[in-house]
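Close look at the chain arrangement
Listed below, chain by chain, are the residues.
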Amino acid sequence: MTGPHTSPALPLYLQVAAALRDDLTGGRIAPGSRLPSERSLVHRFGVNRQTVRNALRLLRDERLVVTERRGTYAAPPGPAAAGPGAALAPGLLEFPVGVGGPDRVVEAALGWEPAPAGTAEALGLLPGEPTLVHRHRVLGPDGVPEHGAVSRFSRYALAEVPELGRYRRAEARPGYRPDLRPVYRWMHRAGLRLTLRESIGVGLPAVAAYLTVHREVQDQHGHVLEVTDIRFAPQSAPLTYEFTA
């Protein structure tokens, strides 16, 4: 099986589900229309029927499809297709620290590198084991950095979130411009209910004080999905935090 979500670390049913999810959310399968038969999907993806059934079960859990006696159909638009569980709070929709704004320059880059010792343990990584790293920087109108963030993802997150799993070492290359802004939506769509814990501090170097934020995002089972360290310049705008109970 090949495609944009193919990764040897992802179970086949997650790869199939990711491809079908793209078809559903991208409009290639219209709401209310019937999906191809299990036999057709087996042939398309080169997998067995049980793998297809597991992928369809995941999409049903996400309320993207419904299964009836005559087959499986794309869910109609409306509340029934919104998915299970509570909706994400607005403060969690943008990764890693919100939108830069029309007069700001946003720079982003991916890497594949080991995490610091304490962070590696939280992410479920062995000492020296590399993981996906996202670096983000926002420049003000004068070109001066206003804030920057370094995010590291756990082995569990890369396995459970198909859209994240595709960002493997081969894609974390110089010059590649990733767009991970919807990452919390991806996690939510994969059935993960996010909890957010942040600690805020103030750095006092010789030149100017700055604000630091250390973020840990976990799912409903206590698995750490992401650790982000953010540093704000003293002239940056204040932050507003929101959370869901």
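All values reported here derive from a predicted model rather than from experimental measurement.

The next subject is the overall build of the protein. The secondary structure content of the protein amounts to seven helices and eight strands. Per-residue burial over the protein gives 40% buried out of 245 residues. Taking contacts inside the protein between residues at least 6 apart in sequence as the whole, the part at least 24 apart equals 58%. For the protein, the accessible surface area stands at approximately 13200 Å², while carbon and sulfur atoms represent 55% of it.

Moving on, we come to the pairing of strand E1 (residues 65-68). Where E1 and strand E2 (residues 71-74) come together, four bridges link them in antiparallel fashion. By the bridge assignment, Val66 is partnered in E2 with Tyr73. Following E1, the chain reverses through two residues before pairing antiparallel with E2.

Moving on to the packing of helix H2 (residues 38-45) against helix H3 (residues 49-61). Running from N to C, H2 and H3 point in directions that differ by 105°, and their axes come no closer than 9 Å. For the element pair H2 / H3, the angle class is roughly perpendicular. Where H2 abuts H3, its residues Glu38, Arg39, Leu41 and Val42 lie against Arg49, Val52, Arg53 and Leu56.

Taking 1.5 Å per residue as the helical rise, H3 with its 13 residues ought to reach 18 Å, and the 18 Å between its terminal C-alpha atoms agrees with that figure. Contact partners of the buried residues in H3: helix H1 (12-25), H2, E1 and E2. The distance from a side-chain oxygen at the start of H3 to the backbone nitrogen of Gln50 is 3.2 Å, and the residue carrying that oxygen is Asn48. Looking at the residues trailing H3, positive phi occurs at Arg63, about 65°.

With seven bridges connecting them, strand E4 (residues 130-139) and strand E5 (residues 145-153) associate as antiparallel partners. Within E5, the residue paired with Arg137 across the bridge is Gly148. Between the antiparallel neighbours E4 and E5 lie five residues, among them Gly143 with a positive phi of about 85°.

Okay, the confidence of the model for the protein next. When pLDDT is averaged along the protein, the result is 77; 74% of the residues meet or exceed 70. Here strand E6 (residues 195-203) is the element of the protein with the lowest mean pLDDT, 76, and H2 is the one with the highest, 95. Across residues 2-9, where pLDDT falls below 50, the model places 15 contacts with residues more than four positions away in sequence or in other chains. In this model, residues 79-91 is a region of pLDDT below 50 whose contacts with residues beyond four sequence positions or in other chains number 26 contacts.

Moving on, we get to the packing of H1 against H3. Direction vectors running N to C along H1 and H3 enclose 50°, while the axes themselves pass 8 Å from each other. Our classification of the angle between H1 and H3 gives oblique. Crossing of H1 over H3 shows right-handed handedness. Here Leu12, Tyr13, Leu14, Val16, Ala17, Leu20, Arg21 and Leu24 of H1 lie close against H3, whose contacting residues are Thr51, Asn54, Ala55, Leu56, Leu58 and Leu59. Considering only residue class, the contact of H1 with H3 consists of eleven nonpolar, two polar and one charged.

With respect to the secondary-structure elements, Arg185 resides in helix H7 (residues 183-189). In this structure, the C-alpha to C-alpha distance between Arg185 and Phe95, residues 90 residues apart in sequence, is 9.5 Å.

So, on to the nonpolar core. In terms of nonpolar packing, the biggest core is built from 20 residues, with Leu132, Phe153, Leu164, Leu180, Val183 and Met187 touching the most fellow members. Top contributing element to this core by residue count: H7, with four residues. Excluding anything up to four places from it in sequence, Leu180 contacts Phe95, Leu110, His134, Phe153, Leu164, Tyr167 and Trp186.

About the criteria used
- Residues numbered from 1 in each chain as written.
- Predicted model: local features only at pLDDT ≥ 70, side-chain atom pairs only at ≥ 80, totals over all residues.
- Heavy atoms only, no water.
- Helix = DSSP H or I, 4+ residues; strand = E, 2+ residues; numbered from the N terminus.
- Buried < 20%, exposed > 50% of the residue type's maximum accessible area, 1.4 Å probe, protein only.
- Contact = heavy atoms within 4.5 Å.
- Areas by Shrake-Rupley, 256 points an atom, 1.4 Å probe, with all protein chains shown as cover.
- Pairing = 2+ DSSP bridges.
- Axes fitted to C-alpha atoms, helices over the stretch in contact; angles between N-to-C directions.
- Parallel < 35°, antiparallel > 145°, perpendicular 65-115°, else oblique.
- Expected span 1.5 Å × (residues − 1).
- Polar contact = N/O pair within 3.5 Å; in protein donor to acceptor, adjacent residues only side chain to side chain.
- pLDDT = per-residue confidence, 0-100.
- Left-handed = near helix turned anticlockwise from the far one by under 90°.
- Nonpolar A, V, L, I, M, F, W, Y, C, P; charged D, E, K, R; others polar.
- Core = buried A, V, L, I, M, F, W, Y, C linked by side-chain atoms within 4.5 Å.

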